[in-house]
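Now for the letters of each chain:
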Amino acid sequence: VKEGIVQLGSETGLAPTTLLSLTTDGLFDLNGFSVTVAGLSGGSVQSRIVNGATTIDRLIIDTTLDQTYAGQIYTGVSVVKRGTGTLTLTGPNDY
């Protein structure tokens, strides 16, 4: 996601093999759906992962790769890490 918004429309909106990468000003909105992706990387302090719904939904990262995400993750997003890879969150988060 680069300088725009990607908003899920269903729990199958992204394939579980998707490598989710955000760059400057990218916004990923769970929109009330939980989703599994194969990786999370990139990000800057302007990059955001949000949940536009009033529920708490899961972003499940199932990876064997070591990855770093430097963007923000807001309230309403529950991050679940699966797999043998390491996920390092370096940005300002609500965790």
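Small disclaimer: the values here were computed from a predicted structure and weren't measured.

**Student:** Just to check I follow, could you spell out the pairing of strand β2 (residues 19-22) for this structure?
**Tutor:** Two faces, one strand: in a regular strand the side chains alternate between the faces of the sheet. Burial along β2 is one-sided: the face carrying Leu20 and Leu22 is buried and the face carrying Leu19 and Ser21 is not. Of the pairings in the sheet, the one linking β2 to strand β5 (residues 39-42) comprises four bridges and is parallel in character. Considered in β5, the bridge of Leu22 is made with Gly42.

**Student:** I would appreciate a short explanation of the sheet that holds strand β9 (residues 72-73) in the present structure.
**Tutor:** Where strands meet in a sheet, backbone hydrogen bonds hold them as pairs that are either parallel or antiparallel. Taken in spatial order, the four strands make up an open sheet running β1-β3-β6-β9, and their pairing is parallel. With one partner strand each, in any of the chains shown, β1 (5-7) and β9 form the two edges of the open sheet. Pairing of β1 with strand β3 (residues 27-29), which is carried by three bridges, proceeds in the parallel orientation. By the bridge assignment for β3, Val6 is matched with Phe28.

Each value, and the rule that gives it
- Residues numbered from 1 in each chain as written.
- Predicted model: local features only at pLDDT ≥ 70, side-chain atom pairs only at ≥ 80, totals over all residues.
- Heavy atoms only, no water.
- Buried < 20%, exposed > 50% of the residue type's maximum accessible area, 1.4 Å probe, protein only.
- Helix = DSSP H or I, 4+ residues; strand = E, 2+ residues; numbered from the N terminus.
- Pairing = 2+ DSSP bridges.

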